[in-house]
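Descriptive structure summary
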Amino acid sequence: EAGVVQSPRYKIIEKKQPVAFWCNPISGHNTLYWYRQNLGQGPELLIRYENEEAVDDSQLPKDRFSAERLKGVDSTLKIQPAELGDSAVYLCASSLGDRVASDTQYFGPGTRLTVL
Amino acid sequence: SQQGEEDPQALSIQEGENATMNCSYKTSINNLQWYRQNSGRGLVHLILIRSNEREKHSGRLRVTLDTSKKSSSLLITASRAADTASYFCATTSRYSTLTFGKGTMLLVSP
């Protein structure tokens, strides 16, 4: 079974440029998450989707970040414009989403973003 | 914001030794999970312990949970070089949102 797929794996851009990350969750997983992981830290949730609905985006910096999950499958996370402080690894995860608190999340390999 | 706090920040041991990592958290939880992260395989779920459980085993892993102290420990027995990674505890409260700690970097030398 294929895991969570993310692309690109690495991205280097100059500040003020836009950037987008793509995620394909595990087939059949209704819940999708985007996390940001800074160097030496644990991942921090940016947004959580239940199917195509964003049910928790309280930590998403909405002035420059946006996300979408059309048709409740693939998702795209965008930053426009990027700032130096956005350099981090962006992780996508998915889970079955049966609204059980013990739902295990499966993570993709992440996209390492460097903003120069 | 980080919920959990792992201790120690870094741990270096020899193959065959046991490794113990601790995690403290701040608010009430539904469950606590441990994840491993290395450059080769990304972030991988290891084990989950519910708030009404005190101890759980999975292979060479043993997890304990003390809700009165808001703490958990992860024991890896008979460690191997392949166990070298960062280990994170993560808590859930309400639905499935995971809140991670900063992690413990484990180095297992041959």
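Located above this text is the structure these notes cover.
This report concerns the structure included in the present document.

Conventions used here
Residues numbered from 1 in each chain as written. Chains lettered and ligands numbered in written order. Predicted model: local features only at pLDDT ≥ 70, side-chain atom pairs only at ≥ 80, totals over all residues. Heavy atoms only, no water. Helix = DSSP H or I, 4+ residues; strand = E, 2+ residues; numbered from the N terminus. Rg over C-alpha atoms; globule rule 2.2 N^0.38 Å. Buried < 20%, exposed > 50% of the residue type's maximum accessible area, 1.4 Å probe, protein only. Contact = heavy atoms within 4.5 Å. Disulfide = S-S within 2.5 Å. Polar contact = N/O pair within 3.5 Å; in protein donor to acceptor, adjacent residues only side chain to side chain.

A few words now on the overall build of chain B. From N to C terminus, chain B includes zero helices and eleven strands. In terms of overall dimensions, chain B is globule-like: its C-alpha atoms have a radius of gyration of 13 Å, near the 13 Å expected for 110 residues. Across its three principal axes, chain B shows a C-alpha extent of roughly 40 × 25 × 20 Å. Evaluated residue by residue, chain B yields a buried proportion of 47% over its 110 residues. Expressed as a percentage of contacts within chain B between residues at least 6 apart in sequence, the contacts between residues at least 24 apart total 54%.

This part covers the state of the cysteines. All names here are of chain A. On inspection of all chains with the given rule, the structure shows two disulfides over all chains. Each disulfide pairs two cysteine sulfurs, and for cysteine 23 the partner residue is cysteine 92, the sulfurs being separated by 1.9 Å. When the S-S torsion is -70°, as for the bridge of cysteine 23 with cysteine 92, the disulfide is left-handed. With cysteine 23 in strand S3 (residues 19-24) and cysteine 92 in strand S9 (residues 88-95), the pair connects residues that are 69 residues apart, well separated along the chain.

This part is about the side chain of aspartate 86 of chain A. Residues and elements named next belong to chain A. One can find aspartate 86 in the loop between strand S8 (75-79) and S9. Separated by 2.6 Å, the side chains of aspartate 86 and arginine 64 make a polar contact. Apart from the residues within four sequence positions on either side, aspartate 86 is in contact with Arg36, Arg64, Phe65, Ile79, Pro81, Leu113 and Val115.

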